Amino acid sequence: MAKKRAETKAKRKTKAKRKTKAKRKTKAKRKTKAKRKTKKKVFGGYSISFKNRDETLEQVFGKSNVTPSEMTKTLWKFIKSKRLANK
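Residues numbered from 1 in each chain as written. Predicted model: local features only at pLDDT ≥ 70, side-chain atom pairs only at ≥ 80, totals over all residues. Heavy atoms only, no water.

Q: So what's going on with the environment of Val 60? Residues and values would help.
A: Here Val 60 shows up in helix 2 (residues 57-61). The spacing of Val 60 and Leu 75 is 15 residues in sequence and 7.2 Å in space, taken between C-alpha atoms. (Helix = DSSP H or I, 4+ residues; strand = E, 2+ residues; numbered from the N terminus.)

Q: I'd love a proper account of the pattern of salt bridges, names of residues and values included.
A: Under the counting rule described, the total for this entry stands at 1 salt bridge. The salt bridge partner of Glu 55 is Arg 53, with a shortest N-O separation of 2.8 Å. Judged by relative accessible area, Glu 55 falls into the partly exposed class, the value being 29%. (Salt bridge = Lys/Arg side-chain N within 4 Å of Asp/Glu carboxyl O. Buried < 20%, exposed > 50% of the residue type's maximum accessible area, 1.4 Å probe, protein only.)

Q: Tell me what's going on with unusual backbone geometry, and back it up with residues and numbers.
A: Leaving glycine aside, a negative phi is the common case for residues, and trans is the common case for peptide bonds. Not every positive phi belongs to a glycine, and Asn 52 is a case in point at roughly 60 degrees. With respect to the helices and strands, the residue Asn 52 is situated in the loop between strand 1 (47-48) and helix 2. Asn 52 sits in the exposed class, given a relative accessible area of 72%. Positioned with a positive phi, Arg 83 is a non-glycine residue whose angle comes to about 55 degrees. With respect to the helices, strands and loops of the structure, Arg 83 is situated in the loop between helix 3 (68-81) and strand 2 (85-86).

Q: Please set out the confidence of the model for the protein chain residue by residue, giving values where relevant.
A: Mean pLDDT for the protein chain: 77, with 59% of residues reaching 70 or above. For the protein chain, helix 1 (residues 2-37) is the element with the lowest average pLDDT, namely 65, and helix 3 is the one with the highest, namely 93. (pLDDT = per-residue confidence, 0-100.)

Structure below.
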């Protein structure tokens, strides 16, 4: 009697595992399809091209130490003065 109960419990567990594996597979397929559809242009922001630029970092930022916030400000000044940003 105990042997039959153990066998039926084992069968139930294997069936449950099969169902969860099947669910995981279908979810994975759905995610890949969704990723293909979400390739859109980035909303807002700038497209900055540094193509054919000869300036070095020292020329842009100077030779002294620069904090990250100052670096961002000077970089944007440089971009706007050279008209590199395209909206």
